[in-house]
Amino acid sequence: MHRLFKIYRILVAQNLKRVMEYKADFLTGAVSFLIDQAIGIAFIFIIFSQIPQLAGFTFEQIVFIYGFSQIPKGLDHLLTDNLWCVGYFIVKKGDFDKYLTRPINPLFHVIAETFQVDAVGELVVGIALMIYVSGSVNLYITPLSVILFILVIPFSMLIYTAIKIATGAFAFWIKSSGFIIQMVYGMNEFAKYPTTIYSPFIRNFVTYIIPFAFTGYYPALYFLTGQNPLFNIGGTVIISVIFMSIALLIWHKGLSAYESAGS
Amino acid sequence: MKAGIQSLIAYRMNFLGFAIGGLIYCFVMYYLWKAVFSSSGSDNFMGFSMVDMTLYLFLSNVTSQLTFSSVCDDVGEEIRHGDIAMRLLKPVNTDLSYLANEIGGNYLKFIVSTIPMIIGIEIYRTLAVGNFMFNIGNFALYLVSVILAYLISFRVNLCFGFMAFYVKNLWGMNILKNSIINFLSGMLIPLVFMPEFLRKILEYMPFSSMSYTPVMIYMGKYDTTEIIFRIAVQAVWAILLYALSKLIWFHAVKRLTVQGG
């Protein structure tokens, strides 16, 4: 464990050096994600210029949910961005062999290799939005809820990671699975709004099948209302653990099915 | 063109992924707007009913598939890897070779994706409104407008692709480009919902020509004079952007140095 941590630190340091070397690159990336976020907010703003509330939520509450949902998304983006590359081209080009020849866990190595600073855009916006509305929204703040807040975010993040690992691993069978990651990952859009606006089928789908609702709306709902911690927070933890286990299972099955693409 | 068709077939899974991804997004937006309409308590929102809104969302999706251009990534990658040198060596106009390639793919998309989607949309509209509203004249004008929209989209993407001569983080640029286009073209939110002054500006920008104009024509929201005017705006932008992309190209190609071989 200690060794892994040390390796991780070295790899991250390498990444940061690269960032320092290509400052313009980092700026383009971070600014791009920042503008992307700003447009997301502008969208909510324009909608609310026409209506006082949406499905019983005020503008500030929706912004809080939106802001919260960006934190797990941003953290996953920061830490595990290389999984996209596994799906899109690492396996296809035969470059995955590299990870298999090293004396560390290939999954750990793939993930540790990239430290995606572009994610700063999402994280900064997410945090800023939550702080911005914290004054005008009646948040449920107790010692317990503060602890749960810190506790639940890594689990929400792992839902993203699990989905990327599972869908990325399909590349071991079909060479390139970027489109599957793209398709499934795209469903995170559902997490930004109250699930009560969807039809029952879609609501269940984003709760239990592709559980992005647990990366945004459900945990955020608890911090807004204090309701139902067992489902909103406990559910996040359980779903996260279940999905991570399934994802690791698929990954390992995939690894044993992997045949190098050769060149 | 043939090469474009072939590569679309080869990468059909990628196309399928994006097509399904786009549809999912439409559904998110559909439910969001449904909630907005029910919260607002009125069934008419700046001249848009919920049926209009649904048509708008799905037509925007269809239109964006047709006007989608990956030339930004293609050019970017070729510049980065130096493969662009191979294109420069060939005795064909560089941007036309990209264009021909894409038109092939788009032709196929029209057959396998656009037509079924349009049929689906019309079935929905017939059921929702109670009578058959398909207007062949509007559809023909829509196609003219879509072709212009595609040419504009191609040029805009080409200009962004040329940024690879100057910037290295193409992925970031891509995100930036897509989110700007989504917002300014009215794909995210119909321009009529935007504040008056912003709408006026955006209607004359090239982005609205890329999706909003064809969709509004299809929906019959414009009268004849307005249609002629909007299509003229599109044509002007197509020409201006053609000139701009040429300008950047000539400036950039002089700085091009290809490493290795």
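Refer to the structure above for everything that follows.
Residues numbered from 1 in each chain as written. Chains lettered and ligands numbered in written order. Predicted model: local features only at pLDDT ≥ 70, side-chain atom pairs only at ≥ 80, totals over all residues. Heavy atoms only, no water.

Visitor: Hey, could you run me through the interface of chain A and chain B in this one?
Guide: Often, the extent of an interface is quoted as the loss of accessible area on bringing the components together. The partner chain B presents 35 residues to the 32 residues of chain A that form the contact. Taking both sides of the interface into account, the surface hidden between chain A and chain B amounts to around 3,100 Å²; carbon and sulfur atoms contribute 78%. The largest per-residue losses of area from chain A upon contact with chain B belong to F43, I46 and F179 of chain A, which jointly make up 19% of the total buried on that side. For the interface between chain A and chain B, the tally reads 0 salt bridges. When residues of the side of chain A that touches chain B are traced back to their parent elements, those giving at least two are α2 (23-48) and α10 (178-185) of chain A. Taken together, the residues that form the side of chain A that touches chain B break down as 20 nonpolar, 7 polar and 5 charged. (Contact = heavy atoms within 4.5 Å. Buried area = accessible area lost by both parts, 1.4 Å probe. Salt bridge = Lys/Arg side-chain N within 4 Å of Asp/Glu carboxyl O. Helix = DSSP H or I, 4+ residues; strand = E, 2+ residues; numbered from the N terminus. Nonpolar A, V, L, I, M, F, W, Y, C, P; charged D, E, K, R; others polar.)

Visitor: How should unusual backbone geometry be read in this particular structure?
Guide: Trans peptide bonds make up most of the peptide bonds, and negative phi angles are found at most residues other than glycine. All names here are of chain A. Positioned with a positive phi, A55 is a non-glycine residue whose angle comes to about 50 degrees. Mapping A55 onto the fold places it in the loop between α2 and α3 (59-80). Overall, the relative accessible area of 35% leaves A55 in the partly exposed class. For K175, which is not glycine, the phi dihedral falls at a positive 70 degrees. Looking at where K175 falls in the secondary structure, it is placed in the loop between α9 (171-174) and α10. (Buried < 20%, exposed > 50% of the residue type's maximum accessible area, 1.4 Å probe, protein only.)

Visitor: Any chance you could explain helix α3 (residues 50-67) of chain B here in plain terms?
Guide: Side chains of residues three or four places apart in an α-helix project in the same direction, reflecting 3.6 residues per turn. Taking 1.5 Å per residue, 18 residues should reach 26 Å; α3 of chain B reaches 25 Å between its end C-alpha atoms and fits that length. Taken across its 18 residues, α3 of chain B has 16 buried, putting it largely inside the fold. (Expected span 1.5 Å × (residues − 1).)

Visitor: Sorry, what's going on with a nonpolar patch on the surface here?
Guide: All names here are of chain B. Among the surface-exposed residues, Y107, I111, V112, I115, I119, I123 and L127 lie close enough to one another that they form a single nonpolar patch of about 700 Å² accessible area. Its location among the elements puts L127 in helix α6 (residues 94-129). By relative accessible area, which is 71% here, L127 ends up exposed. (Patch = residues over 30% accessible without salt bridge, like charges linked within 9 Å, V, L, I, M, F, W, Y side chains within 5 Å. Areas by Shrake-Rupley, 256 points an atom, 1.4 Å probe, with all protein chains shown as cover.)

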